[in-house]
Amino acid sequence: MTEIPNRQVCLASRPVGIPQAQHFELRDGFAPQVQPGQVRVRNIYLSVEPAMRGWVNAVGNYSEPVPLGAVMRALAAGVVQESRAPALPVGSFVTGMLGWQEQAVVAADQVERVTVDSEIPLSCHLGILGINGVTAHYGLLQIGAPRAGETVVVSTAAGGVGSCVGQLARLKGCRTVGITGGDTKRRLCLDAFGFDAAVDYKSPDFAEQLRAACPQGVDVYFDNTAGAISDQVMEHLRPGARIVVCGTASVANWDPAPAGPRIERKLLVNRARMQGFVILDHPEYCAQARVELMRWVRDGQLRYLEDVLEGIEQAPDAIAGLYRGENLGKRLIRIGDLSH
């Protein structure tokens, strides 16, 4: 039987904080043989998530750290090239936790078959219709519970999750305020994603910008950053505010945990609620969220932007690039084409 070449990106050393290119290595090998109930997927797009920082650090959080020497854990989208599972014939487009590699051999129940057409490209299923869109949908609508007329503030508002949160809040009749870094991303929030206001946390007058953008205070804060950015938002909570903790991107290292202002009094006085979540805990929610997200994408009510790197060689530095703020929209790595 012909062996199938398989290039992989593996974790070479354990980072402290944000993983850099030197923590990974490219390896050339071969894909394992497909067993009954399995499929071989040729990956086309590899996903890059801020959460990957936590997946490779020594201190586990909601998942065990990626073992040294192992293929980097990652969502990916591709096409089935070989199948021993009747429900997934050759040519099926799928997504799943397929790893940073060219070929993935997995059980059929570990991937999801997805629709690809002229309006819904495969890449969407890793972003606006994938983990980013579902995260935004669940976090905002189930935890944030926005009501028409309320003010919703979103940090990392130009990113894959934040840009979707802002648009969903607008669809629910809310006033939306985006927090992002730099004027290019600030304009993107306003012009591409329809935020009512956008402020630059890198600006020396960030506190004043935020105050001016939230004259009535903040009803819902979708927090992707933690740290000093969120400290400023806490100054504007309205009674009954809901704080949705989705990420902590601005904090490079949690061992030891950084000190900061105490917010308990603000939560108490404002009768505010603060709740964290991990979307991987809610697999049953994905299907219902995607139905709405896909309808809004097809109707043109939900826009998205992708930052696509070319070639698997770009993967080792891709996470660090996220934290340097290089991406405009959802970061992906394209390593193939759609041909079957």
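Predicted, not measured: the structure shown is a model, and the values here were computed from it. (Residues numbered from 1 in each chain as written. Predicted model: local features only at pLDDT ≥ 70, side-chain atom pairs only at ≥ 80, totals over all residues. Heavy atoms only, no water.)

1. Remarks on the nonpolar core
Among the nonpolar cores identified, the biggest contains 49 residues, and L140, L168, F222, L293 and L302 are the most heavily contacted of them. Sorting the residues of this core by element identifies strand 3 (38–47), strand 4 (76–83), helix 2 (131–144), strand 8 (151–155), helix 3 (160–171), helix 4 (183–191), strand 11 (218–223) and helix 8 (286–298) as the ones contributing at least two each. With residues near it in sequence (within four places) discarded, L168 still touches A136, H137, L140, L293, W296 and L302. (Core = buried A, V, L, I, M, F, W, Y, C linked by side-chain atoms within 4.5 Å. Buried < 20%, exposed > 50% of the residue type's maximum accessible area, 1.4 Å probe, protein only. Helix = DSSP H or I, 4+ residues; strand = E, 2+ residues; numbered from the N terminus. Contact = heavy atoms within 4.5 Å.)

2. Quick notes on helix 8
With 13 residues, helix 8 extends 18 Å from end C-alpha to end C-alpha; this agrees with the ideal 18 Å at 1.5 Å per step. Every buried residue belonging to helix 8 is among C286, A289, L293, W296 and V297, and all of these are buried. Buried residues of helix 8, viewed axially, fall in a sector of 100°; they line one side. The exposed set on the far side of helix 8, more than 90 degrees from its buried face, consists of A287 and V291. (Expected span 1.5 Å × (residues − 1). Arc of directions from axis to C-beta.)

3. A word on the environment of R262
Assignment of secondary structure puts R262 in the loop between strand 12 (237–245) and helix 7 (264–269). It is 31 Å that separates the C-alpha atoms of R262 and I131, two residues lying 131 residues apart in sequence. Within the local environment of R262, its side chain forms a polar contact with the side chain of E264, the two groups lying 2.5 Å apart. (Polar contact = N/O pair within 3.5 Å; in protein donor to acceptor, adjacent residues only side chain to side chain.)

4. Section: the side chain of D200
Of note, D200 is situated in strand 10 (residues 197–200). It turns out D200 is buried and unbridged, and the closest side chain with the opposite charge, R186, is 6.2 Å from it. Here the side chain of D200 touches G182 through a polar contact of 2.9 Å, landing on its backbone nitrogen. Residues within four places of D200 in sequence aside, it is in contact with T180, G181, G182, D183, R186, F206 and Q209. (Lys, Arg positive; Asp, Glu negative; His and termini not counted. Salt bridge = Lys/Arg side-chain N within 4 Å of Asp/Glu carboxyl O.)

5. Here's the deal with the side chain of D223
For D223, the position within the fold is in strand 11. At a separation of 2.8 Å, a polar atom in the side chain of D223 contacts the side chain of S230. The contacts of D223, once residues within four sequence positions are left out, are S155, S230, V244, V245, C246 and G247.

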